[in-house]
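Chain residues, written in single-letter form:
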Amino acid sequence: MPCGPHHAEYLLGAATEGVIFRSVRDTAAMLDILTAIPDRGGPYLSALPAEPYAQLVGRDPGRLRIGYLTNSPIGTSVGDEAVEHAVALLTGLDHEVEPVELDIDGHQLAQDFSLMWSVEVATTIADIQRTTGPVPETSNSTAACSQPQEGW
């Protein structure tokens, strides 16, 4: 989704802007609206479907190959009961569903993501300070957060 004239994408594409929906039909209708005008300042232009998204809702996708994980890339559980429910549902719809293993170093991925996130936060703070001015020397954000504030 377009981020406006000053940003190409948030968090190097790891975060997106959008709307929370209650149905796939609502999601499709809003995607048609949000993608109607290309984001000329964006890092890339997404290819649009041959038909509007709203017209594609409810269409039989055919038999899909779907892989799933039972552990996150860092080895934590992803919720066995929910995974089993989703697998049963998709299998019941005649899709090919099978477990997959990722050939990645999940801990390195987590470290890289943490680094990217921290740099983005620091950059955002620097951008705000350029716009609003530096934080006064008398301010101590750590002390301010740990002390009860009037009206809180």
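This structure is a prediction, so every number in the text was calculated from the model and none was measured.

Looking at chain direction, strand E1 (residues 65-68) and strand E2 (residues 96-99) are connected through four bridges and run parallel. Counterpart to Ile66 in the pairing with E2 is Val97.

Among the surface-exposed residues, Phe113, Trp117, Val121 and Ile125 lie close enough to one another that they form a single nonpolar patch of about 370 Å² accessible area. The residue Val121 is located in helix H4 (residues 106-132) in this model. Its relative accessible area of 37% is what places Val121 among the partly exposed residues.

Turning our eyes to something else, we now look at the pattern of salt bridges. Under the counting rule described, the total for this entry stands at five salt bridges. The residue Glu51 makes a salt bridge to Arg59 at a minimum N-O spacing of 2.9 Å. Note on Glu51: relative accessible area 29%, which makes it partly exposed. Residue classification places Arg59 among the partly exposed residues on the basis of a relative accessible area of 46%. The shortest N-O distance in the salt bridge between Arg65 and Glu96 comes to 3.7 Å. With Arg65 in strand E1 and Glu96 in strand E2, the pair connects residues that are 31 residues apart, well separated along the chain. On the basis of relative accessibility, which here comes to 27%, the residue Glu96 falls in the partly exposed class. Three or more residues joined by partner-sharing salt bridges are found here, namely Arg65, Glu96 and Glu98.

With that out of the way, let us pick up the confidence of the model for the protein chain. Confidence along the protein chain averages 83 in pLDDT terms, with 84% of residues attaining 70 or more. No element of the protein chain has a lower mean pLDDT than helix H5 (residues 141-146), at 53, and none a higher one than E2, at 97.

On to the packing of aromatic side chains. Considering all chains together, one arrives at one aromatic pair under this definition. Taken together, a centroid distance of 5.8 Å and an interplanar angle of 35 degrees make the contact between Phe113 and Trp117 tilted. Here the residue Phe113 and the residue Trp117 both occupy positions in helix H4, the gap between them amounting to four residues, near one helical turn. Using a relative accessible area of 39% as the deciding quantity, one classes Phe113 as partly exposed.

Conventions and cut-offs
Residues numbered from 1 in each chain as written. Predicted model: local features only at pLDDT ≥ 70, side-chain atom pairs only at ≥ 80, totals over all residues. Heavy atoms only, no water. Pairing = 2+ DSSP bridges. Helix = DSSP H or I, 4+ residues; strand = E, 2+ residues; numbered from the N terminus. Patch = residues over 30% accessible without salt bridge, like charges linked within 9 Å, V, L, I, M, F, W, Y side chains within 5 Å. Areas by Shrake-Rupley, 256 points an atom, 1.4 Å probe, with all protein chains shown as cover. Salt bridge = Lys/Arg side-chain N within 4 Å of Asp/Glu carboxyl O. Buried < 20%, exposed > 50% of the residue type's maximum accessible area, 1.4 Å probe, protein only. pLDDT = per-residue confidence, 0-100. Phe/Tyr/Trp six-rings, centres within 6.5 Å; stacked < 30°, edge-to-face > 60°.

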